Amino acid sequence: QVQLVESGGGLVQAGGSLRLSCAASGMLSIFNGMGWYRQAPGKERELVATITSSGYTDYTDSVKGRFTISGDNAKNQVYLQMNSLKPEDTAVYYCYARRNALDYWGKGTLVTVSA
C-alpha cells in the first residue's frame, strides 16, 4: 500500500554533490516522519536525516552542515541534498517513512564517493 522509490545515487569525487530523491506513493501528510538511512559495506544501517510533518529536521553529527533534507508536499517527494561529499559517505541510502508506528522502506540507491 505504501511504496517508496529512491533515485539520484551515483559516483562522485570527494568534495562533489548529489541530490537524492524519494518518491512516495501516498501524500507526505499521512506520515508522522520521513527520512534517510544509509548502510556502508560491512556496517550496520545508520540514521542520516529526518523530517517531521511540521518541517522539523534533524541530522546525524557526521553530516551536519553538509546534508540538507527537505520535502515537497505537492510532488510527494523527500530530498537529501548532499554537499562536500567524503569517501566515508559511500553507502546505500534508503528512504523511510513512518505512519502510525509502522515503518516503510525503499530499496535503496548507491552513492559512491571516490578519494
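What counts and what doesn't
Residues numbered from 1 in each chain as written. Predicted model: local features only at pLDDT ≥ 70, side-chain atom pairs only at ≥ 80, totals over all residues. Heavy atoms only, no water. Salt bridge = Lys/Arg side-chain N within 4 Å of Asp/Glu carboxyl O. Helix = DSSP H or I, 4+ residues; strand = E, 2+ residues; numbered from the N terminus. Buried < 20%, exposed > 50% of the residue type's maximum accessible area, 1.4 Å probe, protein only. Phe/Tyr/Trp six-rings, centres within 6.5 Å; stacked < 30°, edge-to-face > 60°. Lys NZ or Arg CZ within 6 Å of the ring centre and 35° of its normal.

Q: Please set out the pattern of salt bridges residue by residue, giving values where relevant.
A: Applying the stated criterion to the full structure yields 5 salt bridges. The salt bridge involving Arg-66 is made with Asp-89; its shortest N-O contact spans 2.8 Å. Placement of Arg-66 in the loop between β6 (57-59) and β7 (67-72) and of Asp-89 in the loop between β8 (77-82) and β9 (91-99) is noted, with a sequence separation of 23 residues between them. Residue Arg-66 is classed as buried on the basis of its relative accessible area of 10%. Classification of Asp-89 by relative accessible area gives buried; the value is 1%.

Q: Describe the packing of aromatic side chains, naming the residues involved and giving the relevant values.
A: Evaluated as defined, the whole model comprises 3 aromatic pairs. Note on Tyr-37 and Trp-105: the rings are 4.9 Å apart at their centroids and 65° apart in plane angle, and the pair reads as edge-to-face. Of this pair, Tyr-37 sits in strand β4 (residues 33-39) while Trp-105 sits in strand β10 (residues 102-105), placing them 68 residues apart in sequence. Among the residues examined, Trp-105 registers a relative accessible area of 37% and is labelled partly exposed. Arranged with centres 5.8 Å apart and planes meeting at 35°, the rings of Tyr-96 and Trp-105 form a pair that is tilted. Of the residues examined, Tyr-96 reaches a relative accessible area of 12% and is grouped as buried. Ring-pair connections join several aromatic residues into one group, and the members of that group are Tyr-37, Tyr-96 and Trp-105. A cation sits over an aromatic face here: Arg-45 above Tyr-94, 3.7 Å from the ring centre.

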